[in-house]
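Structural features, examined
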Amino acid sequence: MAQYTRVSGSVGLITLQSPPVNALSAAVRQGIVDLMQRALSEPEVKSVVICGQNGIFCGGADIKEFGGQMSGPPLIPMIHAIEAASKPVVAAIEGIALGGGLELALGCHYRIAHSKARVGLPEVTLGLLPGAGGSQRLPRLIGVPAALDLITTGRHVTAAEALKFGLVDQITDHNTVNVAVKFAQRVADQPLDARRISTYPCLCPSDVAVLFEEVMQRVRRTARGAIAPIACVQAVRAAATLPYNQGMERERELMATLFTSGQARALQYFFFAQRAVGRWSMPSGARWDTSKPRPVHKAAVIGLGTMGRGITVALAQAGFSVVAVETQEKQLMEAKQKISGMLERGAKRRGVAPALDKINYGRNIQSVADADLVIEAVFEDMALKKKVFQQLSAVCKPSTFLCSNTSGLDIDQLACQTRNPELVVGMHFFAPAHVMKLLEVVYGPKSSPLAVATAMQLGKKIGKVSVAVGNCRGFVGNRMLKPYLEQALFLLEEGATPEFVDQVLEEFGFAMGVFRMSDLSGLDVGWKVRMADGLAMPDPTTGQPTRLRQGRRYSPLGDLLCEQGRFGQKTGRGWYQYDKPGSQVAKPDPWLHSFLDEYRARHALVAHRIDHQEVLERCLYSMINEGFRILEDGIAAGPEDIDVIYVFGYSWPRHRGGPMFYAATVGLNKVLERLEHYYQAHPDVPSLQPCHLLRKLVASGSPPIQKWREVIKKVRSQL
Ligand SMILES: CC(C)(COP(=O)(O)OP(=O)(O)OC[C@H]1O[C@@H](n2cnc3c(N)ncnc32)[C@H](O)[C@@H]1OP(=O)(O)O)[C@@H](O)C(=O)NCCC(=O)NCCSC(=O)/C=C/CCCCCCCCCCCCC(=O)O
């Protein structure tokens, strides 16, 4: 919807009204078309201003409409009509002008922005391109290099940057609509020919062909299989090489391909999934909208290893006072130096002062006594963590929230060490903790909604995407990783190489294949966990590594590498070889190949040809199957939680929506059928046995992912 008012006698003011972001829904588009006609037909009106209600110009096309039948006036002719208008039209940009919102503003003859406004063309992040003329007008207005940057990255720019580009004509600190109205009065009789961007020549640098080639290469390298960034480059190239009308035709063709693509559907699903995880709920019925967080003024971090340092930096950068504790003097000094360096580098990048004074360092756990919330980040050792929680419970205020950065240990056991177990939750950060966006907030059976709400809010304040999950071994992310890693090892036993498995996974879109990722994280991490679980031991009767442990198939390959001191990048050897310890360039290692041959011979394993399909299906479907178990167990509230965890924490390619969305795309019946097939071939691998919820969903006709929660609810109520 849109509202019309006449202001100062001669200015027609059109206000977009569609909360929360004034998206260009069919009703809003209809409103604009009707009100533009009215403004043009009223002889008293000499100029027009378009603005948005509640200090927000426009968040772009209404993404919710993309999934269904589009109705209402189309955007492109609407914007053309504005540009062709005989009276000056001024966009008054407050808050945001994104996507179709900025394209609407580019159709206006002038753009006035508030100094705090942000503008951008983020369509690429939704699997699209600026398909309402944006790919053709923006390069004509600000030049090809800047337009390529904005359109291929989708980044938002500040009003100041927009002014520098020439994207807006003026910025103001005052009431933008008032300024725009005065501006509109001033330009009422000015000729408009020079203000119609579609008539501008597209200014190109002399080496434009080289520029497009370079950008295309960079985009292909970083897109990990996403098609929209490539189409964006092609659309801008059309602007640079073709007359406007032909460029528009090319924009339309490219948009038609993207608009109906699975990638666009996945990215648009993911847009809403990211927002859905904020509306968390617990099996007790506690919810985000009925649980109030308590403010945290002072936080503390215990243990300043890699994780503790990253968490400290994330907290300090977000403005929290932090007490950072490390009991060993040498480690404390080292951590202090590293944290200061991280803060200084971060501040330089963001052009602000480093938040060094936000942190007080200490060696004594007593120094966290008055913290509102403490995050324990000591070694992943239950006995040690229990001791720390006992100490914290003794020294902290009774109201202090006690959180653990464990990556998978039982939160309940930690809560039991404290006086107030309801104030204990897991806050599982991902390395590097000041960079990675994901935070798993883990509630145990005793955790209160207050504790969950407070941890979720803290996560938001430090810029994380926080997902509330239940307490189980590995929580959501690492629990699903286990069958994935396991299958990768089994594939090596059966004849694959690390390079081949990684290549298939990287072609699928992972930033790193499973073996390169293991080398990066350190093979010893999982080895220690397996030893603590009594898994990584040779058979006591034969002294030989066996391939069956605790009644199920087990691959000791990772343990054998660790026994040789091959811990990955840090030791210069792992699944790959590296020039030197710490180097990141992985090279195939002939030693590893001989080692695999000998291993297979020792266990009488005959290598067979493993193809792409088998790698993908076994690694991904076993992980997805665990995802369904997690939903069945109520550890994650919905598929969106799992998908957000996998995209932000495990480099799952966003244009594939996340593992659960991917399963829906492949078809649940196909996933079920292939799991059945592999389980039949490997009956000693329980993670391949299709779980009850997957069967139930298939039996219910494989409903769309948005309807899974109903089936999950039914399955849980029957348990
Ligand atoms: C920055 C934001 C706007 C706000 O952020 P924040 O304040 O943090 O709040 P949020 O929680 O993110 O959002 C609040 C709620 O608002 C909802 N929201 C936000 N934006 C939109 C939107 N654009 N549409 C719908 N809903 C929106 C959001 O979901 C929240 O609600 P809830 O919590 O989920 O309930 C931030 O939200 C943001 O970044 N938004 C997205 C901005 C964006 O990406 N805009 C671009 C949209 S795409 C676009 O504009 C495309 C334009 C060109 C379209 C051309 C169409 C032509 C069709 C051609 C078809 C061709 C087919 C041919 C086929 C054939 O030929 O056969």
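Computed from a predicted model, the values in this text were never measured in an experiment.

Lining the immediate environment of the ligand, one finds 26 residues, of which G59, A61, G100, R275 and R279 sit closest. One nitrogen or oxygen atom from the main chain of G100 is found 2.7 Å from an oxygen atom belonging to the ligand. Starting from 1300 Å² of accessible surface for the ligand in isolation, the protein chains cover 69%. Partitioned by chemical class, the residues of the shell around the ligand number 15 nonpolar, five polar and six charged.

Turning our eyes to something else, we now look at the environment of F66. Within the fold, F66 resides in the loop between β3 (47-52) and α2 (75-84). The buried category is assigned to F66, whose relative accessible area is 15%. The spacing of F66 and Q268 is 202 residues in sequence and 8.7 Å in space, taken between C-alpha atoms. Setting aside anything within four residues of it in sequence, one finds F66 in contact with A61, L128, F259 and Q268.

So, about the UniProt feature "domain: 3-hydroxyacyl-CoA dehydrogenase C-terminal" (unreviewed entry) in the protein. The UniProt entry lists residues 474-578 and 615-702 under the feature "domain: 3-hydroxyacyl-CoA dehydrogenase C-terminal" (unreviewed entry), expressed in the numbering used here. The distance separating the terminal C-alpha atoms of residues 615-702 is 24 Å; by composition the span is 69% helix and 0% strand.

As far as domains go, the protein holds domain 1 (2-260), domain 2 (298-471), domain 3 (496-603) and domain 4 (612-718). Centre-to-centre, using C-alpha coordinates, domain 3 lies 26 Å away from domain 4. Facing 14 residues of domain 3, the contacting portion of domain 4 comprises 17 residues. Buried surface at the junction of domain 3 and domain 4, summed over both partners, amounts to about 1300 Å²; 72% is from carbon and sulfur atoms. There are zero salt bridges connecting domain 3 and domain 4. Along the contact surface separating domain 3 from domain 4 lie five residue pairs in polar contact (both at pLDDT 80 or more). Among the elements of the structure, α18 (498-508) and β19 (552-553) are those that each provide at least two residues to the side of domain 3 that touches domain 4. Of the residues that constitute the side of domain 3 that touches domain 4, the class distribution is nine nonpolar, two polar and three charged.

Another aspect to go through is the nonpolar core. Core analysis: the biggest nonpolar cluster contains 107 residues, and V368, W575 and F628 have the highest contact counts within it. Counting residues per element, this core draws most heavily on helix α23 (residues 612-633), at nine residues. In contact with V368, other than residues within four places in its own chain, are A300, I302, V323, V325, V374, L392, V395 and C396. Core analysis: the next-biggest nonpolar cluster, separate from the first, contains 74 residues, I93, V219, A239 and L258 among them.

Once that is clear, we can look at the UniProt feature "domain: 3-hydroxyacyl-CoA dehydrogenase NAD binding" (unreviewed entry) in the protein. UniProt's feature table lists "domain: 3-hydroxyacyl-CoA dehydrogenase NAD binding" (unreviewed entry) at residues 298-471, given in the numbering used throughout. Helix makes up 38% of residues 298-471 and strand 23%, whereas the separation of the span's terminal C-alpha atoms amounts to 26 Å.

Let us look at helix α27 (residues 692-699). Looking only at α27, the buried set comprises L693, L694 and L697. What you see down the axis of α27 is that its buried residues fit within an arc of 100°, all on one side. Summarising the contacts, the buried residues of α27 are in contact with α23, α26 (668-681) and α28 (708-718).

Before going further, it helps to spend a moment on empty space enclosed by the protein. Inspection of the entire model under this criterion finds four cavities of 30 Å³ or more. Approximately 80 Å³ is the volume attributed to the largest cavity. Together, L392, S393, C396, K397, P398, T400, L402, T418, R419, N420, L423 and V424 line the largest cavity. Classifying every residue of the lining of the largest cavity by side-chain character gives six nonpolar, four polar and two charged. Estimated volume of the second largest cavity: approximately 70 Å³. Forming the boundary of the second largest cavity are A276, V277, R279, W280, S281, A468, A637, E640, D641 and R709. When the residues that make up the lining of the second largest cavity are grouped by side-chain class, the tally is five nonpolar, one polar and four charged.

Our focus in this paragraph is the state of the cysteines. Working definition: the covalent bond between the sulfur atoms of two cysteines is a disulfide. Scanning the entire structure with this criterion turns up zero disulfides. Summary of cysteine pairing: C396 is not part of a disulfide, and the nearest cysteine sulfur, belonging to C403, is at 10 Å. Summary of cysteine pairing: C562 is not part of a disulfide, and the nearest cysteine sulfur, belonging to C619, is at 19 Å. Overall, the relative accessible area of 3% leaves C562 in the buried class.

When you line up the elements, T418 lands in the loop between α15 (411-415) and β15 (424-429). Here T418 falls in the buried class, since its relative accessible area comes to 11%. A distance of 2.7 Å separates the side chain of T418 from the backbone oxygen of A415, its partner in a polar contact. Look past the residues within four positions of T418 in its chain and what remains in contact with it is F389, S393, L402 and V424.

Next up on the list: the sheet that holds strand β7 (residues 118-120). Judged by pairing direction, the sheet is mixed, and its three strands sit side by side in the order β5-β7-β8 without closing on themselves. Of all strands in the sheet, those bounded by a partner on one side alone are β5 (96-98) and β8 (157-158). Here β7 runs beside β8; their pairing, made up of two bridges, is antiparallel. Opposite V119, over in β8, you have V157 as the bridge partner.

Parameters at a glance
- Residues numbered from 1 in each chain as written.
- Predicted model: local features only at pLDDT ≥ 70, side-chain atom pairs only at ≥ 80, totals over all residues.
- Heavy atoms only, no water.
- Near = heavy atom within 4 Å.
- Polar contact = N/O pair within 3.5 Å; in protein donor to acceptor, adjacent residues only side chain to side chain.
- Areas by Shrake-Rupley, 256 points an atom, 1.4 Å probe, with all protein chains shown as cover.
- Nonpolar A, V, L, I, M, F, W, Y, C, P; charged D, E, K, R; others polar.
- Helix = DSSP H or I, 4+ residues; strand = E, 2+ residues; numbered from the N terminus.
- Buried < 20%, exposed > 50% of the residue type's maximum accessible area, 1.4 Å probe, protein only.
- Contact = heavy atoms within 4.5 Å.
- UniProt positions renumbered as here; feature names shortened; annotations may be inferred.
- Domains from an automatic or database assignment.
- Buried area = accessible area lost by both parts, 1.4 Å probe.
- Salt bridge = Lys/Arg side-chain N within 4 Å of Asp/Glu carboxyl O.
- Core = buried A, V, L, I, M, F, W, Y, C linked by side-chain atoms within 4.5 Å.
- Arc of directions from axis to C-beta.
- 1 Å grid on protein atoms, 1.4 Å probe; cavity = no way out; pocket = protein on both sides within 12 Å on 5 of 7 lines; lining within 4 Å.
- Points joined across faces, edges and corners; volume = space filled by probe spheres on them.
- Disulfide = S-S within 2.5 Å.
- Pairing = 2+ DSSP bridges.

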